Amino acid sequence: MAPPRANPSHHPLLVLPLLLLLLIPAAAAADISLSALSHTHHCPNLPSALDLHGQVSALGPDARVSVPEVSTGRSGDGTPVQFLPVVLRLSFPSPANVTRPFVTGRLENVDTINPIEPISLVAYAQEGYAYGESASCPPPPAGRLDALQVFENRNFSCAHLSSMLKSPFRLDYLSVSESTASSLGIHQSYMYVNRMDCNDDGAVRAYVAFTNQTEVSRYYFMLGEKAVVVDGFWDQKSSRLCLKGCHVVKSGPSRADLAVGEFGIGMSFWFPAVWSLQHRSFSAGLVWNASLESGEAIAAGSSAITPNYRGNLSGLKYNYTKVVEAMKHYEKSGLNKNRKGKFPDSNSYRDLVFRFFVKKGGGSGHASPVTIGSMLFDGNSLVVQDPFSHHVTAEMKQRLLNVSYDIYYVGNWSLESFNRRHLSAEGVYDTKTGSLCMIACRELNVSSDCKILVTAQFSSLDAKVAHHVKGTIKSLRKKTDPLFFETLDIASYGMYVEQVDESIWRMDLESTMALISMTLACIFIAVQLFHVKKVPEALPAMSITMLVVLALGYMIPLVLNFDALFKNSNKQTVPLSGGGWLEVNEVMVRIITMITFLLQLRLLQLAWSARSVDVSKAESWAAEKKVLWICLPLYIIGGVITWVVHMRSNHSRRMLRQVVHLKPIEHAFWEDLVSYCGLILDGFLLPQVILNVFLDSKVRALSPGFYIGSTLIRALPHVYDVFRRQHFVPSLRPSYMYASPHDDLFSLAWDIVIPCGALLLSVLLFFQQWRGGAFFLCSKNGKTREYEMVSTVSS
């Protein structure tokens, strides 16, 4: 198939010059003109598709590839392609250095028929870089003298260093004068090390961008509001990166028209070995004007732990500064009162991580320990310098543990917006009462507020509650203070680790129960088919309405999951930790449901055919119509009630999602209607009982194995739901494989009413088939109807 033709104004042309860079020696500084580019989107075959009728005239710095105006070429499959009449000019610095770090280019059109606007190109040079003189580093600020030995007992690694500097740096202007910041021309809030290259000897160069945006992609070349290019070296002795360089300035109207300006920017980066409440940056840095003698520098710090970091943090220490103050509030607020149960401790540290939502006002967040005692929590495990030391062993047995937390939240709170915010907190945690009390600091535009009290109480590990953490975030300032905010009540909506494992085990159990339940339903229908073959008079005595209800009950899940049946059957199945094969069970359930549905249709077809040849078919159909006139209004009234309940409850569901800030889950009326249909299925025997009353027949229309077994299948999910409520923790987004609220009505009341009602119908049917359909009406006419056997010719 030939590749599609491209519109010259479309952006895929931007990809072509980058692919052409592969054909040019990186060491040569060239001004390359190509008068033709492929008129195709088939970019992977582009290098092999070029059939340039030109020649390379030289290999020196002035190397030039020239192509005549009319060129031809073929794609990878041999199809002739048309070339666009454009000129690409690329300029490579030779050699690249701190004053000439960019590869620049321009894509120009030479066609007057379909003109396109010129496109400017820029990239950070990757090869042939010449480093300048060694940079010098001033001493870091007081309190940040210690640095982690990140390359201790190992060779310098550029990839490792780059990963440690990947997070954005927040700039702190409090320690510098306005004149120093103005001389640097920097006023942005964040700094990104966007590009970095190194030599094996520790020489480092980088492109650093400054912006006010917190969420930017660092995988692409950033053209921020401000940028600098620097080079220098990694000082192994002091474990610091020392850099110097130049401002990046615009040289043309396009954002890609970049050049290097004034020289005199100094930078240094290191990894603090001591953290505290207000200084817990994983990586820190300084930016200063090397031409000034004041020595002032803009401080920068990144997040606590770089995501996916796998380095050594065993040398890191934490300095607690607010524990004494937190202890006073802990005793004053009564959090030291004894509570029953076992609570999370240093052995179950993952349970100290929790997500929360604000009960009033909206908002949600995430709280995670930074340190527990002298141990660092890196998001997955505790980092301990010497896990078998006497100090660590004694610390893990203490009732009160010193802890520090990072709290991230989004909320429409007082003095806050819906931007992501951060609280640093430290205090004490009581392992005997599950009580947490901390002093917290929040970052403001020009200062910080450390007059915040955070308290939380964890539920016991064996508690079966939806909210396993409840607490408050409270301002310790007076109401007249402009930084004061109203107390925020928070609650969690997560699970403990052990409860998550139990939930996975529950899903495995439920998937197996669903498979067994549907298999039994299929068997019971087969039993009924054998029954009607053995007792032919049972067919005309069966309620058509009942059979239609059962058929629809098996058809609806098949229709709703029709696409999933074929999608999941092609997936590779991976067992969960509980040992269950969820996807296999799901597919098997749907396949057995299909077989059950076909058997049910066969039973319906046999009953309909037998009713048509029955000698008293007029009386049978008349009775069936009476059944329909009774059942149909009942079903419609139930549907109307379902709609009313849906309209009243849907508003509260939307409010809950707004408060918790969960991803919206569509909840349409038809979902509640499907649940109501489950209630109709629970009473599937109702049409048969009513028909028996009108016919007043003793015929054993239904096999005991069929109606008793089917009743138990409909009642057992409600019995299991009672068990599930008592033994498993509920969740805001539960995944139920069996006894799902999407399939039936489940609550404490329904779990009692539905099984009792289903069993009552089974008992009535049993006595009807024993003593007559209207036995409980005390009819004076003691005669019951008998069916006359007639011979039929089967086709």
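Per an unreviewed UniProt entry, the protein chain carries the name RING-type E3 ubiquitin transferase and comes from Miscanthus lutarioriparius. For the record of the protein chain, the UniProt heading Pathway (unreviewed entry) holds the text "Protein modification; protein ubiquitination." Turning to the protein chain, the UniProt record has this under Catalytic activity (unreviewed entry): "S-ubiquitinyl-[E2 ubiquitin-conjugating enzyme]-L-cysteine + [acceptor protein]-L-lysine = [E2 ubiquitin-conjugating enzyme]-L-cysteine + N(6)-ubiquitinyl-[acceptor protein]-L-lysine."

**Q** Help me get a handle on the pairing of strand 29 (residues 469–475), residues and values and all.
**A** By the alternation rule, side chains of strand 29 split into Val469, Gly471, Ile473 and Ser475, which are all buried, and Lys470, Thr472 and Lys474, of which none is buried. Bridge count between strand 28 (residues 448–458) and strand 29: seven bridges; the pairing is antiparallel. Each residue of the ladder has a partner; that of Gln457, found in strand 29, is Lys470. Strand direction decides the pairing type here: strand 29 and strand 30 (residues 488–492), joined by four bridges, are antiparallel.

**Q** Describe a nonpolar patch on the surface, and please don't skip the residues or the numbers.
**A** Nonpolar side chains collect at one region of the surface, where Leu628, Leu632, Ile636, Val640, Trp643, Val644 and Met647 lie side by side and expose about 650 Å² of accessible area between them. Mapping Met647 onto the fold places it in helix 11 (residues 617–660).

**Q** Which residues make up the sheet that holds strand 8 (residues 86–91), and what values go with them?
**A** In spatial order, the strands read 8-9-10; together these three strands make up an open sheet with antiparallel pairing. Edge positions in the sheet fall to strand 8 and strand 10 (119–124), since each of these pairs with one other strand and no more. The mean inter-strand angle of the sheet, taken between neighbouring strand axes irrespective of direction, is 15°. Where strand 8 lies against strand 9 (residues 102–109), six bridges are found, and the strand directions are antiparallel. From the neighbouring strand, Val86 faces strand 9, where its bridge partner is Asn109.

**Q** So what's going on with the environment of Glu510? Residues and values would help.
**A** Tracing the chain through its elements places Glu510 in helix 7 (residues 497–534). Given the relative accessible area of 0%, Glu510 is considered buried. Residues Glu510 and Met737 lie 227 residues apart in sequence; the distance between their C-alpha atoms is 5.2 Å. Excluding residues that lie within four positions of it along the chain, Glu510 makes contacts with Tyr720, Arg724, Ser735, Tyr736, Met737 and Tyr738. Engagement of the side chain of Glu510 in a polar contact is seen with the side chain of Tyr720, the distance being 2.8 Å.

**Q** Describe the pattern of salt bridges, with residues and values.
**A** Taken as a whole and judged by the stated rule, the model has 18 salt bridges. Residue Asp406 pairs with Arg280 through a salt bridge whose shortest N-O separation is 3.1 Å. Of this pair, Asp406 sits in strand 25 (residues 400–410) while Arg280 sits in the loop between strand 17 (274–275) and strand 18 (284–289), and the two are 126 residues apart along the sequence. The pair formed by Asp406 and Arg280 is uniform in burial state, with each residue classed as buried. The structure contains a network of salt bridges with shared partners spanning Arg506, Glu510, Asp721, Arg724, Arg725 and Asp751.

**Q** Summarise the UniProt feature "transmembrane region" (unreviewed entry) in the protein chain; cite the residues concerned and give the values.
**A** In this structure's numbering, the residues bearing the UniProt feature "transmembrane region" (unreviewed entry) are residues 513–532, 544–566, 587–607, 627–645 and 745–767. Counted over residues 587–607, helix gives 100% and strand 0%. Its end C-alpha atoms are 30 Å apart. Measuring from the first to the last C-alpha atom of residues 745–767 gives 28 Å, for a span that is 78% helix and 0% strand.

**Q** I'd like a description of the packing of helix 8 (residues 544–560) against helix 12 (residues 669–682), backed by residues and values.
**A** At a minimum axis distance of 10 Å, the contact between helix 8 and helix 12 shows a crossing angle of 150°. As for how helix 8 packs across helix 12, the hand of that crossing is left-handed. Here helix 8 contributes Val549, Leu550, Gly553, Ile556 and Leu560 to the contact with helix 12, which in turn contributes Trp670, Val674, Cys677, Ile680 and Leu681. In terms of residue class, the contact of helix 8 with helix 12 is made up of nine nonpolar, one polar and no charged.

**Q** A description of helix 15 (residues 750–771) should follow, citing residues and the corresponding values.
**A** Side chains that are three or four residues apart share a direction in an α-helix, a result of its 3.6 residues per turn. Relative to the 32 Å expected for 22 residues at 1.5 Å per residue, helix 15 spans 31 Å between its end C-alpha atoms, a close match to the ideal helical length. Three or more residues of helix 15 are buried, namely Asp751, Ile754, Pro755, Ala758, Leu761, Ser762, Leu765, Gln768 and Gln769. All buried residues of helix 15 project into a common sector of 150° when viewed along the axis, lining one side. Across helix 15 from its buried face, at more than 90 degrees, point the exposed residues Ile752, Leu760, Trp770 and Arg771. Its buried side turned inward, helix 15 meets helix 12, helix 13 (686–695) and helix 14 (704–727).

**Q** Quick one: what's the story with the nonpolar core, residue by residue and with numbers?
**A** Counting 55 residues, the largest nonpolar core has Met542, Met546, Leu547, Leu685, Leu702 and Phe706 as its most contacted members. With nine residues, the single largest contributor to this core is helix 7. Not counting residues within four places of it along the chain, the set of residues in contact with Phe706 comprises Phe524, Ile525, Gln528 and Leu550. One finds Ile265, Phe269, Val287 and Ala300 within the second-largest nonpolar core, a separate group that totals 51 residues.

What counts, and at which threshold
- Counting restarts for each chain: residues are numbered from 1 in the order of the written sequence.
- This being a predicted model, a pLDDT of at least 70 is required before a residue's local features are given, and a value of 80 or more before pairs of side-chain atoms are given or counted; all residues contribute to the totals for chains, interfaces and linings.
- Just so you know, side-chain values use all the structure's heavy atoms and leave hydrogens and water out.
- UniProt positions are given in the numbering used here, feature names are shortened, and annotations may be inferred rather than shown by experiment.
- For every residue, the accessible area (1.4 Å probe, protein chains only) is compared with the maximum for its type, and the residue is labelled buried under 20%, exposed over 50%, or partly exposed between those bounds.
- Numbering goes from the N terminus for both helices and strands, where a helix is a DSSP run of H or I of at least four residues and a strand is a run of E of at least two.
- Here, strands pair whenever DSSP counts at least two bridges between them.
- Residues with no salt bridge and a relative accessible area higher than 30% make up the patches, which join like charges within 9 Å and nonpolar side chains (Val, Leu, Ile, Met, Phe, Trp, Tyr) within 5 Å.
- Method for areas: the Shrake-Rupley scheme with a 1.4 Å probe, in which residue coverage is limited to the protein chains shown.
- Each reported salt bridge corresponds to a side-chain nitrogen of Lys or Arg within 4 Å of a carboxyl oxygen of Asp or Glu.
- To define axes, lines are fitted to C-alpha atoms, for helices over the stretch in contact only, and angles between the resulting N-to-C directions are given on a 0 to 180 degree scale.
- Should any heavy atoms of two residues lie within 4.5 Å, those residues are considered in contact.
- Nitrogen and oxygen atoms within 3.5 Å of one another constitute a polar contact, given that in protein one can donate a hydrogen and the other can accept it, and given that sequence-neighbouring residues count only through two side-chain atoms.
- Helix crossings are classified by the rotation of the near helix relative to the far one: an anticlockwise turn of less than a right angle makes the crossing left-handed, while a clockwise turn makes it right-handed.
- By the convention adopted, Pro, Cys, Tyr, Trp, Phe, Met, Ile, Leu, Val and Ala count as nonpolar, Lys, Arg, Asp and Glu as charged, and the other residues, Gly among them, as polar.
- To estimate the expected span of a helix, subtract one from its residue number and multiply by 1.5 Å.
- This arc is built from the directions going out from the helix axis to the C-beta atoms.
- Buried residues of nine kinds, namely Ala, Val, Leu, Ile, Met, Phe, Trp, Tyr and Cys, make up a nonpolar core once their side-chain atoms join them within 4.5 Å.

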